[in-house]
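# Structural overview
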Amino acid sequence: MLVWTHDRWRFPLPERHRFPLDKYALLRERVVADGTVTAEEVREADAVPWEWLESVHEPALVRRIRAGSLSLREERGLGLPWSEALVERGRRSVGGTVAAATLALEVGLGMNLGGGTHHAGRAFARGYCLFNDVVLALWRLRTEGRVRRALVVDCDVHQGDGTADLLGSDPECFTLSLHGARNYPFQRIASDLDVDIPSGTGDDRYLTALADALDHALPRARAELAFYLAGADPWEGDRLGRLNLTKTGLRARDELVLDRLLDEGIAVCVVLAGGYAEDIRDTVDINAATAAEVARRTGAL
Ligand SMILES: [Zn+2]
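In this convention, every chain numbers its residues from 1, walking through the sequence in written order. Where local features are concerned, this predicted model is filtered to residues with pLDDT of at least 70; where side-chain atom pairs are given and counted, the filter is 80 or more; whole-chain, interface and lining totals use all residues. In computing side-chain properties, one takes all heavy atoms of the structure into account and sets aside hydrogens as well as water.

## What to know about unusual backbone geometry
The omega torsion across Y184 and P185 is -10 degrees, close enough to zero to call that bond cis. For helices the rule is a DSSP run of H or I covering at least 4 residues; for strands it is a run of E covering at least 2, with both sets numbered from the N terminus onward. Within the element layout of this structure, P185 appears in the loop between β5 (173-180) and β6 (193-197). With a phi close to 70 degrees, Y128 is a non-glycine residue in the positive phi region. Along the chain, Y128 falls in the loop between β3 (109-112) and α6 (133-143). Although it is not a glycine, A273 sits at a positive phi angle of roughly 60 degrees. Mapped onto the elements, A273 comes out in the loop between β8 (267-271) and α10 (280-298).

## Remarks on the packing of aromatic side chains
Pairing of aromatic rings covers Phe, Tyr and the six-membered ring of Trp, with a centre-to-centre limit of 6.5 Å; geometry is then stacked below 30 degrees between planes, edge-to-face above 60, and tilted otherwise. If you walk through the whole model with that rule in mind, you get six aromatic pairs. Aromatic pair F11 and F19: ring centres 5.7 Å apart, planes at 50 degrees, arrangement tilted. No difference in accessibility class separates F11 from F19, as the two residues are buried. In this structure an aromatic cluster arises from ring pairing among F11, F19, Y24, Y128 and Y276. Positioned above the aromatic ring of W9 is the side chain of R8, whose terminal nitrogen or guanidinium carbon lies 4.9 Å from the ring centre. Exposure is judged per residue with a 1.4 Å probe applied to protein chains only, and the accessible area is read against the type maximum: over 50% gives exposed, under 20% gives buried, and values in between give partly exposed. Sitting over a ring, as applied to charges here, requires NZ of Lys or CZ of Arg to be within 6 Å of the ring centre and within 35 degrees of the ring normal.

## Observations concerning the environment of A164
Turning to its location among the elements, A164 is positioned in helix α7 (residues 161-167). When its relative accessible area of 3% is taken as the criterion, A164 is described as buried. Along the chain, A164 and D192 lie 28 residues apart, while their C-alpha atoms are 7.7 Å from each other. With residues up to four places along the chain from it excluded, the contact list for A164 reads I189, A190 and S191. Whether two residues touch is decided by their heavy atoms; if any such pair falls within 4.5 Å, the residues are in contact.

## A short note on helix α8 (residues 203-221)
Helix span is expected to be 1.5 Å times the residue number reduced by one. Compared with the 27 Å implied by 1.5 Å per residue over 19 residues, the 26 Å span of α8 between its first and last C-alpha is a close match. Among the residues making up α8, those that are buried are D203, Y206, L207, A209, L210, A213, L214, A217, L218 and A221. Where α8 is buried, its residues meet β4 (150-154), β5, β6 and α9 (247-263). Within two residues after α8, R222 carries a phi angle of roughly 40 degrees, on the positive side.

## Overview of the pairing of β8
With respect to burial, β8 is a largely interior element, five of its five residues being buried. Side chains A267, C269 and V271 of β8 all project onto a buried face; the interleaved residues V268 and V270 project onto the opposite face, where all are buried too. A pair of strands is labelled paired if DSSP reports no fewer than 2 bridges between them. Where β3 meets β8, three bridges bridge the pair, whose relative direction is parallel. The residue bridging M111 from the neighbouring strand is V270, located in β8. Relative to β8, strand β7 (residues 225-229) runs parallel, the two being bridged by five bridges. Pairing of A226 across the sheet is with V268, part of β8. Consider the strands pointing away from the viewer: the crossover is right-handed when the path from the first strand over the helix to the second runs clockwise. The handedness of the β7 to β8 crossover, carried by α9, is right-handed.

## Digging into the packing of helix α5 (residues 84-107) against α6
Angles shown run from 0 to 180 degrees and are taken between the N-to-C directions of axes, each axis being a line fitted to C-alpha atoms and, for helices, limited to the stretch in contact. Where α5 contacts α6, the axes come no closer than 8 Å and their chain directions differ by 50 degrees. One element, α5, and the other, α6, form an angle in the oblique class. When the axes of α5 and α6 are compared, the crossing they make is right-handed. Where α5 approaches α6, its residues S93, V94, T97, V98, A101, T102 and L105 are matched on the opposing element by D133, V134, L136, A137, R140 and L141. In the contact of α5 with α6, the residues fall into eight nonpolar, three polar and two charged. By the definition adopted for this analysis, an angle is roughly parallel if under 35 degrees, roughly antiparallel if over 145, roughly perpendicular if from 65 to 115, and oblique otherwise. Left-handed describes a crossing in which the near helix is turned anticlockwise from the far one by less than a right angle; the clockwise case is right-handed. We call Asp, Glu, Lys and Arg charged. Ala, Val, Leu, Ile, Met, Phe, Trp, Tyr, Cys and Pro are nonpolar, and the rest, Gly among them, are polar.

## Overview of the coordination of the zinc ion
Here the zinc ion is held by the protein donor atoms D156 (OD), D156 (OD), H158 (ND1) and D233 (OD), which lie 1.9 to 2.7 Å from it. Around the zinc ion sit four donor atoms; with metal-centred angles ranging over 54 to 152 degrees, the donor geometry is irregular. Only N, O and S atoms count as donors, using a 2.8 Å cut-off from the metal and 3.2 Å for Na, K and Ca, and because water is excluded some sites may appear unfinished. Counting residues between consecutive donors of the zinc ion along the chain gives the motif D-x1-H-x74-D. Of the two residues, D156 sits in the loop between β4 and α7 while D233 sits in the loop between β7 and α9, which places them 77 residues apart along the sequence. No difference in accessibility class separates D156 from D233, as the two residues are buried. Working rule for geometry: tetrahedral if four donors all subtend angles between 85 and 135 degrees; square planar for four, octahedral for six, if opposite donors exceed 155 degrees and the others stay between 65 and 115; irregular in every other situation.

## A closer look at the sheet that holds β7
Strand order in the open sheet made by the eight strands is β2-β1-β3-β8-β7-β4-β5-β6, with parallel pairing throughout. The two strands at the open ends of the sheet, each matched to only one other strand, are β2 (42-44) and β6. Here the strands of the sheet are splayed against their neighbours by 15 degrees on average, with no regard to which way each runs. Bridge count between β4 and β7: five bridges; the pairing is parallel. Residue pairing in the sheet places L151 in a bridge with A226 of β7. Contacts from α6 reach β4, β5, β7 and β8 within the one sheet, and its direction differs from that of β7 by about 165 degrees.

What follows is the structure, given as structure tokens:
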């Protein structure tokens, strides 16, 4: 199974910043060590062209990001200090999702060991999210005439406001977000289906809510392609998430989403989204388990 990464493109961060920059290289090592993929199967993502970014995001926002002229308020909302390296990495993260989604349409499944930057909307970049990789990938594949109908299954603990902003009025894409009711963002932009999960919810109730949400979304979406944001932040040890899922529960979540989508004959592109465990190895564990479930369903494991 081919997967994409942009782990070598790092950017300057203040000490003890919560963004898990080290996760990406550790995850690359881990999926190879686990035998989920070979070292050769991990591909480095290309940076997408600026014109693509300007086709989805407001061109003036893209120009400010490119030039480093975000306002103080915008940079604070982004939560990451601007640098050329940050922007380069953001373009490669999008490239990884475009490549993984393209592969998914060809063979049924694809995965980017990154991406899921769902707080980036048409005219805003916030919550650690510079560009919306999922919306970019869908736009690109539609432009190439490869796909029309799509579904976003966003299981990051934070609501997918940027994705909803970009795709909310799109009649051929259904957006589903399952998130902590009391988690960021506090001002929501409505998805086609938003499921607020109460703080402290554990595996069983979460999995029931997810199964119900998929029952609702699948017949409405009639999707050819789905994007699955397999956030690690609903985990019980996450510093930002307020849910109480175990690693076993998260694995059951991955299995449920992947099997439901694949059973419907929908191609699936998997992206990581967030994860903020105190010990970064816990986040890597969760992400690696997701990759293993993906590989198992390609017949690679
Ligand atoms: Zn998140």
